[in-house]
Every structure is written in structure tokens, then in C-alpha cells.
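Fold and geometry: a report
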Amino acid sequence: METGIALAKKVAGQKAVEYIKAGMTVGLGTGSTAWWAIQEIGARVKAGLDINAIATSDQSYELAVALQIPLITFEEITQIDVDIDGADEVDRQLQLIKGGGGALLREKIIAAASQQMIVAVDEHKLVDTLGKFPLPVEVVVFGWEMTARKLAALGTQTVLREKNGQPFITDNGNYIIDCAFNAITDPATLHTRLNAIPGVAENGLFVNYAHTVIVGYENGTVNTLYPAR
Ligand SMILES: O=C(CO)[C@H](O)[C@H](O)COP(=O)(O)O
């Protein structure tokens, strides 16, 4: 029986699945909140729900395979109906920081291909201003030191993400540089400046992507937020 933050993630992830209808193509997010959504999707598929899914990471792909969720590729589709994913921070305009799990590039490709992005988060992800969570930036390995210097020139402290004492390698064979901006007052402009740096594959700012944010609370309740735009 989950309590506290685990319960908050569970109820948010499960609630997000209510946006899925029969016949849809569904983006499967990455992380501990998306895990609950994928489990719920798996249970509904087992009970007869007819959908296809496409995963934002190898980890979520493997989970979907284990749960016997039918998977589809981009060769077979031109768009996705609904994408369910988590986030590391959500501000009042429902702009996001993602990539804490290192899957931001595939997550953004899938979110951009989706009619609706449903974001499921625990209550602790809500912030007034993005940036307390270091912004993950996926960079190609070649020349990453130079790319890191150019990122630092934008006014951030950069840290090459590591796992077990080695650089963390994304599913795309890239590195992640975590950038401590502390307060990102203009996410759209920063997004453009980051992606203009040669070597940057993608950054974790999701500006105007979220259609709906489901917030799970530690008391087991959920709240649904919609952007003002
Ligand atoms: O962007 C992500 C992975 O790249 C995740 O959605 C984000 O890190 C949130 O994860 P969690 O639900 O485990 O808190």
C-alpha cells in the first residue's frame, strides 16, 4: 500500500490514463510516475482495451513489452493521439522541465507528435518559476566539453551527468549536461538559445507542450490543471 509521495505519483499516473480511449495511439512516458500510468494501461489492455503504444525510452519499451501492451513504430503512424508522461518541474503556465530520467529527447519527439500531452506529477513538482531543478541538456559526445563551455556562457553551472562513475549515456548514445540556472524567467527564449548551440541535441524545457497536468497529492487526491492559453 503506497503512502506519501509514492501514492501521489500513483494516483496522478492512474488518473492520466482516463484520457485514453479505444483505438488510440498512446505515447508512454518515462519515470516513476509514468510507470504507474503504464501499469494501468497494461491492466486495461489485459481487460480488453484496444490501443497501440510508442515508448519514450528503452526502459518504458521493456515495461510495455512485459505488460503485453501492443507497440507501434513511427514507420506505421504519422501522429499520436495522447502522450502520458511525467515532469521534474511544472510552473503556473504549465511549462515543464523534463529529463531527470535522461529520456528528454525521445520524450519531446513523442510529445511533439501528440495531439495531447497529459503530464502526471506529484504535488512537489509544482513551482512558481522553473529552474531549481537543474535543466537537463542532451548533447552529442563529440566535443561535449566545448558544448558545455558554451552552455556555461549562458550563465549556468554545468555538470556532466554520471552513472556508476561513468558518463551517463542516453538511449540515443548521447551525454546529459545538467545546467543549474536556478530561475528560468523566460523559458521560450532560453529554449531557443540552448538549441542554437552546436552539439546540443535537445534541452529539457517543454514550452507550450502540456495540454493537461494531473497533480497527485500525498493524501491520495488529484487535481487537474489546464493551461490558460
Ligand atoms: O522527464 C522524465 C524522464 O526523462 C521524467 O518524466 C521526470 O524525470 C519525472 O520523473 P518521475 O515521475 O520519476 O518523478
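Residues numbered from 1 in each chain as written. Predicted model: local features only at pLDDT ≥ 70, side-chain atom pairs only at ≥ 80, totals over all residues.

Rules: UniProt positions are given in the numbering used here, feature names are shortened, and annotations may be inferred rather than shown by experiment.
As named in an unreviewed UniProt entry, the protein is Ribose-5-phosphate isomerase A, taken from Chitinophaga defluvii. The record in UniProt for the protein states the following under Function (unreviewed entry): "Catalyzes the reversible conversion of ribose-5-phosphate to ribulose 5-phosphate." What the UniProt record of the protein gives under Subunit (unreviewed entry) is the line "Homodimer."

**Focus: the pairing of strand E11 (residues 175-180)**
A regular strand places its side chains so that they alternate between the two faces of the sheet. How we decide: Strands were regarded as paired on the criterion that DSSP finds at least two bridges between them. Elements are defined by DSSP. Helices are runs of H or I of four residues or more, strands are runs of E of two residues or more, and each kind is numbered from the N terminus.
In terms of strand pairing, strand E7 (residues 135-139) meets E11 through five bridges, oriented antiparallel. In the sheet register, Val-137 faces E11, and the bridge partner there is Ile-177. When strand E8 (residues 157-160) meets E11, the two strands line up antiparallel, connected through four bridges. Bridge pairing in E11 links Gln-157 to Ala-180.

**Points about the domain arrangement of the protein**
Stated precisely, the cut-off is as follows: Note that domain bounds follow an automatic or database assignment of domains. Whether two residues are in contact is decided by their C-beta atoms, placed from the backbone, lying within 7 Å. Note that Gly is not counted as nonpolar here; it falls among the polar residues with everything else outside the nonpolar set of Ala, Val, Leu, Ile, Met, Phe, Trp, Tyr, Cys and Pro and the charged set of Asp, Glu, Lys and Arg.
In terms of domains, the protein is made up of domain 1 (4-126 + 208-218) and domain 2 (135-201). The partner domain 2 presents 10 residues to the 11 residues of domain 1 that form the contact. It is helix H4 (residues 104-112) that provides the largest number of residues to the side of domain 1 that touches domain 2, a total of three residues. Residue composition of the side of domain 1 that touches domain 2, by class: four nonpolar, five polar and two charged.

**Digging into the sheet that holds strand E4 (residues 89-90)**
Read across the sheet, three strands follow the order E4-E5-E13 without closing on themselves; strand pairing throughout is antiparallel. The open sheet terminates on both sides in strands that have one partner only, identified here as E4 and strand E13 (205-206). One ladder, built from two bridges, connects E4 with strand E5 (residues 96-97); its direction is antiparallel. Opposite Val-90, over in E5, you have Leu-96 as the bridge partner.

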